[in-house]
Amino acid sequence: MRVDTVTAEGPHTDDIVRMAQEELVGTHLFIVPKNSLFFIPEARIRKRILSQQPSIVAVSIKSSGLNSIRVIALERSSAFLWCGVSHAVPATTCYHADPDGLIFAPDVGPLPVATSTALLRVYVPLADNAVEPVTAHTGYASVLPNSLRLAKAFRALGANISELALRSDEADFYTASGTRITYVIGKEKEAAQLAASVFSKLMLNDGSIEYVDLRFERVYLRRQGVSPEGVPVAL
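Just so we're clear, the structure is a prediction, and the values are computed from it rather than from any experiment. (Residues numbered from 1 in each chain as written. Predicted model: local features only at pLDDT ≥ 70, side-chain atom pairs only at ≥ 80, totals over all residues. Heavy atoms only, no water.)

Draft legend 1. Up close: the overall build of the protein chain. Helix and strand content of the protein chain: four helices and 15 strands. Here the protein chain has a C-alpha radius of gyration of 24 Å; the compact-globule value for 235 residues is 18 Å, and the former is much larger. For the protein chain, the spread of C-alpha atoms along the three principal axes comes to 80 × 30 × 30 Å. Expressed as a percentage of the 235 residues in the protein chain, the buried residues total 43%. Put simply, of all contacts in the protein chain between residues at least 6 apart along the chain, 47% involve residues at least 24 apart. Split by element, the accessible area of the protein chain, about 12500 Å² in all, is 55% carbon and sulfur. Positive and negative side-chain charges of the protein chain, numbering 23 and 24 respectively, have mean locations separated by a distance of 3 Å. (Helix = DSSP H or I, 4+ residues; strand = E, 2+ residues; numbered from the N terminus. Rg over C-alpha atoms; globule rule 2.2 N^0.38 Å. Buried < 20%, exposed > 50% of the residue type's maximum accessible area, 1.4 Å probe, protein only. Contact = heavy atoms within 4.5 Å. Areas by Shrake-Rupley, 256 points an atom, 1.4 Å probe, with all protein chains shown as cover. Lys, Arg positive; Asp, Glu negative; His and termini not counted. Charge placed at Lys NZ, Arg CZ, Asp CG, Glu CD.)

Shown next as structure tokens:
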């Protein structure tokens, strides 16, 4: 019983079929054909697909008859878009990243509009001094999930958050209109509490506020073209 037909389900089906077919050529130890239904090199096929297609997170291989197999690939889910090492110097292309900070594919569509469900654009250095984004991990991996949750909380409070930049021990959120909201990394709970107390009083989505500072026990802000220094918000 030799496998002469390979089909695929999921993303990149043509490439997956090609890679599986190539791994079925030849023999094991010059004796057993690799396309024998009972000796298919499943581990090699799976390893090759995962290494060459970073957007795939899992692969299963099933027989679909006496002479065919079906390769099922599960696509990796996007948690955010990595768009460069800093907000001041954005990358020319954004890339999809999963919840663990693994960057796996370039984003080919237009920049997402900031909504309660849109992917956040994140600016953070790559881990291990990586240069090529795809298959690299972002830095700040241990704190980034909390920042992403805080972004959701800010959106729920009415702030149209579209971007996040992590730097040193601080993080900056940006609304679609350009207002910056800064807090201290690790103090997400305190930042959320301060935001809940004042965001309803502020116009965060019309560009009239330059920044909101949540790093202290009181909230400070600066309106566009009004004051050279931040002023406290009355709670």
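Additional details are given in the paragraphs that follow.
Draft legend 2. Looking closely at unusual backbone geometry. Look at Asp 128: it is not a glycine, yet its phi comes out positive at around 60°. Its location among the elements puts Asp 128 in the loop between strand E9 (121-123) and helix H3 (144-156). Residue Asp 128 is classed as exposed on the basis of its relative accessible area of 77%. Although it is not a glycine, Asn 129 sits at a positive phi angle of roughly 55°. Within the element layout of this structure, Asn 129 appears in the loop between E9 and H3. Residue class for Asn 129 comes out exposed when judged on its relative accessible area of 72%.

Draft legend 3. Structural context of the state of the cysteines. Applying the stated criterion across every chain yields a total of one disulfide. A sulfur-sulfur separation of 2.1 Å characterises the disulfide bridge that pairs Cys 83 with Cys 94. On the S-S bond that ties Cys 83 to Cys 94, the torsion sits near 115°, and the link is right-handed. Of this pair, Cys 83 sits in the loop between strand E6 (80-82) and strand E7 (95-97) while Cys 94 sits in the loop between E6 and E7; the two residues are eleven residues apart in sequence, bridging distant segments of the chain. (Disulfide = S-S within 2.5 Å.)

Draft legend 4. How the structure looks around the packing of H3 against helix H4 (residues 188-198). The interhelical angle for the contact between H3 and H4, taken along N-to-C directions, is 10°, at an axis separation of 10 Å. Taken together, H3 and H4 sit at an angle that is classed as roughly parallel. Contact with H3, carried on its side by Asn 146, Ser 147, Leu 150 and Phe 154, involves Glu 188, Ala 191, Ala 192 and Ala 195 of H4 and no other residues of that element. Classifying every residue of the contact of H3 with H4 gives five nonpolar, two polar and one charged. (Axes fitted to C-alpha atoms, helices over the stretch in contact; angles between N-to-C directions. Parallel < 35°, antiparallel > 145°, perpendicular 65-115°, else oblique. Nonpolar A, V, L, I, M, F, W, Y, C, P; charged D, E, K, R; others polar.)

Draft legend 5. Here's a closer look at helix H1 (residues 13-23). When H1 is considered as a whole, its buried residues turn out to be Ile 16, Val 17, Met 19, Ala 20 and Glu 23. Within H1, the buried residues cover an arc of 165° as seen down the axis, which keeps them to one side. If you follow the buried residues of H1, they end up packed against strand E1 (5-9), helix H2 (42-52), strand E4 (56-63) and strand E5 (68-75). (Arc of directions from axis to C-beta.)

Draft legend 6. Representation of the pairing of E1 in the model. Burial along E1 is one-sided: the face carrying Val 6 and Ala 8 is buried and the face carrying Thr 5, Thr 7 and Glu 9 is not. Two strands pair when backbone bridges link them, and E1 and E5 are joined in this way by five bridges, in the parallel orientation. Directly across from Ala 8, in E5, lies its bridge partner Val 71. (Pairing = 2+ DSSP bridges.)

Draft legend 7. How the structure looks around the pattern of salt bridges. Taken as a whole, this structure holds 14 salt bridges when the rule is applied. Asp 15 is paired through a salt bridge with Arg 18; the nearest N and O atoms lie 3.8 Å apart. With Asp 15 and Arg 18 both in helix H1 and three residues apart, the pair spans about one turn of that helix. Residue Asp 15 is classed as partly exposed on the basis of its relative accessible area, which comes to 29%. Between Arg 44 and Glu 23 there is a salt bridge; the shortest N-O distance is 3.1 Å. Of this pair, Arg 44 sits in helix H2 while Glu 23 sits in helix H1, placing them 21 residues apart in sequence. Relative accessible area serves as the criterion here: at 9%, Glu 23 is assigned to the buried category. Within the structure, one salt-bridge network assembled from shared partners comprises Asp 15, Arg 18, Glu 22, Glu 23, Arg 44 and Arg 48. (Salt bridge = Lys/Arg side-chain N within 4 Å of Asp/Glu carboxyl O.)

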